[in-house]
Every structure is written in structure tokens, then in C-alpha cells.
Amino acid sequence: MRVTNSMISNSASAHITNAKNSLLKYSDQYTTQKKIQRPSDDPTVAVRSLKLRTTYSQLTQYAEKNVQDAMSWMDTTETALENISKKFDSMKSYFNQGANDYLKADDRKSVLKTLQQYVKSIFEDEANTDYSGRYVFTGYRTDTSLLFEENTDKLSYQIKEDFSYASFDSITVVTGGANYSDTVTDGQTYTDATAKTNNVYQLRLSYDNCSKDAFNQTGSNGTGIAISFTYKDAAGKTQTEVYAAAGYKGTPAASGNIITRASTDTNAYDVGDDEMVYLYDTGEVLVGKTKYADIQTKQADFSVTYVKNDFEKGDIRPEMYFECTAYDSVNNKTTKYADPSNQEIQYEINYSQNITVNTQAKDAISTDIYRTVEYIAKTVKYVDEVETKLEEVEKMISNTTDKDKLATLESLKTSLETEKDLRGKVMTEAFGMGLTMVDEAGQKVSVATSELGAKYNRAQLTYNKLLDEQTDAEDKLSENEDVSLTDVYINLTQADNLYQASLSATAKILGNSLLNYI
């Protein structure tokens, strides 16, 4: 076979090209430290790399964003709940002062002011906490404050609030009381008007200053208040009874009437054994002894539907706690809010693994906190008023010389002293109720904190697991894509030697031609 120079040249050129490609390949690997530069270099490595990179990207999203964001949300919530618990501990000592001793006027004022500031701090500083601009206790409405940010008389709400048979308190109220009148000349008149106590069963709604009128918008039940009792009869069947004020037009039909009064009415706390009384201005429902016994025997759960029109800055938005219907008189718009229970905000923290990060205010922060302090403030006000009247009468006695008038004023003084003692006892009982409230509300916060802590621990375990999986994914990705510098350096050196050798051999072979032999 005849071998021509052209054949030698083509063969040498091909070998040089192959050597150069090999040198380029290992040079690229050495400089990039990657096995392939394009999918066509090794499709198997390329496909495996795509899968591993997707896995690593997902793990990074979970570990560095989702889980950390979830844990930060829960950290913020837990801090707020812990601060509330600390405030409860501080409030206990002030409740103790009022429950164990009759406080003087200045002490009452100081203690009450301190308690009111604690309540304000609990709701405005803690319950209204936000994380990255999102309110943490408001369920799905993270862009809406838990509290009204200013006074408003443009909103009217029909509120449905749920209770159980254990929600009633047995309280002592003071009724009657003597007041000075220059037309009274007989001390017996003051004696007959002496204040007396009455025991009633009280249910405090979450709001005071409610409306006695019906909610005159779509969804109204036609009255200012209606109470729906649900219980099981002897046969185990669920029964419903409704009691309502005049005008009720809901279903089922009302089984009994609710009397509507103001707390300033002289007969406000006169409750018949079978009666139910609604004090709309203080947000109280009073039931008689027979009706209370019936509720306890049936162990009835019940809901109270009532109306509130005006809200002050710092009041809780009803939709955050209750099923309700709101009417905005400015926009002429009616909005129905469903029961806010179970508004869970969930984060995906791992493959098919979600965690609820939020705690709702209705599940952790009781409205009894401020309602109890409001009740204490009312009892303190009554004590202040009777002490003021007593001081005025004592001044009149010291300035009176007429024996008949003096005797009349002494009767008034005796009557007021009796009232002072009675109202002082009621005030002391109110402070005692504060102690009970703090324990119950504190327990509610503790349960919420414990549940949150359990979820946080789960998120922490998931985070640690994700970090391990992320490290494993990095190792696998590196094993699939990265080259060994030692190996690639050896391969690069060999490729360079081969390339130089091929150039040298080709130069020697192609350097001679036929003319060299002529």
C-alpha cells in the first residue's frame, strides 16, 4: 500500500486535534473544577445534576426561608405571651391589696390606675404585636389591627358571643341608698332608704355601652338582645330555647322574654326568680335563681346576640373574637364575619409537612382581663361617691346647731356608713374576682404558650434535619459535578505531554520530503 505525504499529514492532523481536544477538556475541568461544561459532555451526569440541584434548592428554601420565617413568627408570638404572663404576675399583688384590705381613697386610685395601665399594655403593646408588618394574633386578617385605632361612631355591630353554663358569676350588688335632701325632716326617711345587698347571677359580655335597640340592617334578628340555649334533654336529643327582648323575629320563636334596663335604673338589679335582665350600658345579663338553677341542671351552652354601635380607641374589633355582622354608615355597607375560630396560618417547612405558626387572640387573651378591671373601677367609683357624700354630711353636722336637724343628719350619716361598709365589701369581692380572673386568664395564656412551644420545638427539629439533608445534598452534588484536582492535574499533564509529543512527531515526519533524497 502506498502511503502518501497527504495521508500522513491528515493522520497527524487528526491526532493533534484529538490531543488538543483532550488538553482543552482537562484544562476546562482544572479551571472550573467541574466534570462537564455542557450537557452533551455527559448526559448522565447532567440529568443527575438537575435532580440534585432541584433537591438542594428546595432544601435551601425550606431551611433558610420557610422554617426560619416560621420560627421568627412564633418567637414574636411567644415573647408577647410571656410578657402578658409577667404582667399578670405583677397585677396579682395589686389585686391582693384590694382583696385583703379596705383601701383608702388615694390607695384605691393608685391601685386602680396601675391595673388599668397593665390592661392597656397587655392589649395595646402585646396583643397588638406584629411581625414584619403582619399582626400575629388576628388570624387571617394579618393586615388589620386587633384593636380600633381611633374612636368611631360610624360602625354598628350585631355580635354573637358564645358561653357555657359555667360562665355565670354570683355577685353581690348594693341597691338603694340614702341621699341628702333639705326637704327631709324625719331621720326615719333616711333609715328606710338605707342601702341593702342583693345576690344575683351575672354574665358579663365582652363589651359595655351596648345598644338596647335592634340592629337595623340585613341579618338583624329584630331586637337588641337574644339568648339561644342549647342542651340535651332526658332522651339525649338536642333542644334549643330562645329568650329575647321585644321585637325578636328569629327562629325558633322565643320561649321567654328578656327585660332591658340601664344600670342606673332604680330597679336595675331587682331580678325575679324566673327573670332575665339585660343591662345594656354595662354589658351585663342577670338571671334569677330559678332560671340559673335550670341552666346549671341542663348544663346548657348558649350564645348571646347583642348590638354595639360606638367604639373607643383600644377596643377589640368584634370580628377578631366573634361571629358578627357590621354596618358601615359611611360606605353604607354591611359585612358579615364568620366565626373566626381555626384561622390557621400554615408554613410548608418540609416536603408535604406544614406547621401552624399563628395563635389567635381569642384562644389566648381573654376579654375578662379588661372587663374585670372595668367592674372593679365601677365598685371603686361607688365607694368614692358614698365617701364623698359622707364627708359632706359630716361637714353639715359640724355646722349644725339645730337639734332636730342634727338628729336627722345623724340618721343620714348612719345610713351612709352602712352603705359605705356594704360597698366596701363589694369592692373587696371585686378585687378577689380579679385574682380569680388572673389565674384563669393566666392559665389560658400558659396553654397557648405551651402549644406554641411544642410547635416551635417541632420546627427546630425539622430545621436541624433540613440542615443535615442540605449537607448530604451538597456532598452528592459535589460528588456528581466536581472533579478531583489531583486526578485532573495528572490528566491535564498527560494530555499536555501527549499534545507536545504529537506536535514533535508530526514535525519530524512531515519535515522530510522526496526532495531530501534527490
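As shown above, the structure is provided for reference.
All of these numbers come straight from a predicted model, not from anything done at the bench.

Estimated volume of the second largest pocket: approximately 800 Å³. What lines the second largest pocket is a set of 29 residues, and nearest its centre among them are Phe163, Ser167, Ser366, Thr367 and Asp368. Put simply, the parts of the chain that give the lining of the second largest pocket at least two residues each are β3 (155-163), β5 (196-204), α6 (361-364), α7 (368-398) and α8 (403-481). The biggest single contributor to the lining of the second largest pocket is α8, with six residues. A per-class count over the lining of the second largest pocket returns ten nonpolar, seven polar and twelve charged.

All chains considered together, the criterion is met by one cavity of 30 Å³ or more. Looking at the largest cavity, its volume works out to about 60 Å³. What lines the largest cavity is Phe229, Tyr231, Glu241, Tyr243, Lys291, Asp294, Ile295, Lys298 and Ala300. At the level of elements, β6 (225-232), β7 (238-244) and α5 (289-298) are the ones that each hand at least two residues to the lining of the largest cavity. Broken down by element, the residue count for the lining of the largest cavity peaks at four residues, all from α5. Grouping the amino acids of the lining of the largest cavity by side-chain chemistry returns five nonpolar, no polar and four charged.

With that settled, consider the pattern of salt bridges. By the definition in use, this model includes 14 salt bridges. Among the salt bridges present, the one from arginine 371 reaches glutamate 374, with a minimum N-O distance of 2.9 Å. With arginine 371 and glutamate 374 both in helix α7 and three residues apart, this pair spans about one turn of that helix. Classification of arginine 371 as buried rests on a relative accessible area of 4%. Look at glutamate 374 and you get partly exposed, because its relative accessible area is 32%. A single network of salt bridges, built from pairs that share partners, joins Arg108, Asp384 and Glu387.

Taken together, seven strands build an open sheet; the order of strands is β8-β7-β6-β12-β3-β13-β14 and the sheet is mixed. Each having just a single partner strand, β8 (256-257) and β14 (333-337) make up the two edges of the open sheet. Pairing of β6 with β7 involves seven bridges; the strand directions are antiparallel. By the bridge assignment for β7, alanine 226 is matched with alanine 244.

Taking 1.5 Å of rise per residue, 23 residues should cover 33 Å, and helix α3 (residues 105-127) covers 32 Å from first to last C-alpha, within 8% of that figure. Of all bends in α3, the biggest is about 25°, found at serine 121. Arg108, Val111, Leu112, Leu115, Val119, Ser121, Ile122, Phe123, Glu126 and Ala127 are the residues of α3 that are buried.

On to a positive patch on the surface. Together, Lys109, Lys113, Lys120 and Lys313 make up a positively charged patch on the protein surface. Note that lysine 120 resides in helix α3.

A separate point is the pairing of strand β15 (residues 346-350). Side-chain positions along a regular strand alternate between the two faces of the sheet. Direction of pairing for β15 relative to strand β16 (residues 353-356): antiparallel, over a ladder of four bridges. Across the sheet, residue tyrosine 347 finds its bridge partner in β16, namely isoleucine 355. In sequence, β15 turns back onto β16 through a hairpin of two residues, with serine 352 there showing a positive phi of about 55°.

This brings us to the sheet that holds strand β4 (residues 169-175). Strand order in this open sheet of five strands is β4-β5-β11-β10-β9, and the pairing throughout is mixed. Looking at which strands have only one partner, the edges of the open sheet turn out to be β4 and β9 (259-261). For this sheet, the mean angle separating the axes of adjacent strands, direction not counted, is 40°. Examined bridge by bridge, β4 and β5 share seven bridges and lie antiparallel to one another. Its bridge partner lying in β5, threonine 172 is registered against asparagine 199. Of the strands in this sheet, β5, β10 (276-279) and β11 (284-287) touch α5, which is tilted by about 95° from β11. On the sheet, α7 packs against β4, β5 and β11 and is oriented at approximately 160° with respect to β5.

This part is about the packing of helix α2 (residues 43-100) against α3. The contact between α2 and α3 brings their axes to 10 Å, and the two run at 170°. When the axes of α2 and α3 are compared, the pair comes out roughly antiparallel. Contacts from Ala80, Asn83, Ile84, Lys87, Phe88, Ser90, Met91, Tyr94, Phe95 and Gln97 of α2 reach α3 at Val111, Thr114, Leu115, Tyr118, Val119, Ser121, Ile122 and Glu126. In terms of residue class, the contact of α2 with α3 is built from eleven nonpolar, five polar and two charged.

Considering all chains together, one arrives at 15 aromatic pairs under this definition. On the basis of an interplanar angle of 75° and a centroid distance of 5.3 Å, the ring pair of phenylalanine 123 and tyrosine 370 is categorised as edge-to-face. With a gap of 247 residues between them, phenylalanine 123 in helix α3 and tyrosine 370 in helix α7 connect regions that are remote in the sequence. On the basis of relative accessible area, phenylalanine 123 is assigned to the buried category, the value being 5%. For tyrosine 370, a relative accessible area of 13% corresponds to the buried category. Aromatic side chains phenylalanine 229 and phenylalanine 302 sit 5.0 Å apart centroid to centroid with 40° between the ring planes, which places their arrangement in the tilted category. Of this pair, phenylalanine 229 sits in strand β6 while phenylalanine 302 sits in strand β12 (residues 301-308); the two residues are 73 residues apart in sequence, bridging distant segments of the chain. Through successive ring pairs, a cluster of aromatic residues spans Phe163, Phe168, Tyr201, Phe229, Tyr243, Tyr292 and Phe302. The ring of tyrosine 375 is capped by arginine 204, whose NZ or CZ atom sits 5.4 Å from the centre of that ring. Positioned above the aromatic ring of phenylalanine 311, the side-chain terminus of lysine 308 is 5.2 Å from the ring centre.

Thresholds applied
- Residues numbered from 1 in each chain as written.
- Predicted model: local features only at pLDDT ≥ 70, side-chain atom pairs only at ≥ 80, totals over all residues.
- Heavy atoms only, no water.
- 1 Å grid on protein atoms, 1.4 Å probe; cavity = no way out; pocket = protein on both sides within 12 Å on 5 of 7 lines; lining within 4 Å.
- Points joined across faces, edges and corners; volume = space filled by probe spheres on them.
- Helix = DSSP H or I, 4+ residues; strand = E, 2+ residues; numbered from the N terminus.
- Nonpolar A, V, L, I, M, F, W, Y, C, P; charged D, E, K, R; others polar.
- Salt bridge = Lys/Arg side-chain N within 4 Å of Asp/Glu carboxyl O.
- Buried < 20%, exposed > 50% of the residue type's maximum accessible area, 1.4 Å probe, protein only.
- Pairing = 2+ DSSP bridges.
- Expected span 1.5 Å × (residues − 1).
- Bend = angle between axes of the 7 residues up to and from the residue.
- Patch = residues over 30% accessible without salt bridge, like charges linked within 9 Å, V, L, I, M, F, W, Y side chains within 5 Å.
- Areas by Shrake-Rupley, 256 points an atom, 1.4 Å probe, with all protein chains shown as cover.
- Lys, Arg positive; Asp, Glu negative; His and termini not counted.
- Charge placed at Lys NZ, Arg CZ, Asp CG, Glu CD.
- Axes fitted to C-alpha atoms, helices over the stretch in contact; angles between N-to-C directions.
- Contact = heavy atoms within 4.5 Å.
- Parallel < 35°, antiparallel > 145°, perpendicular 65-115°, else oblique.
- Phe/Tyr/Trp six-rings, centres within 6.5 Å; stacked < 30°, edge-to-face > 60°.
- Lys NZ or Arg CZ within 6 Å of the ring centre and 35° of its normal.

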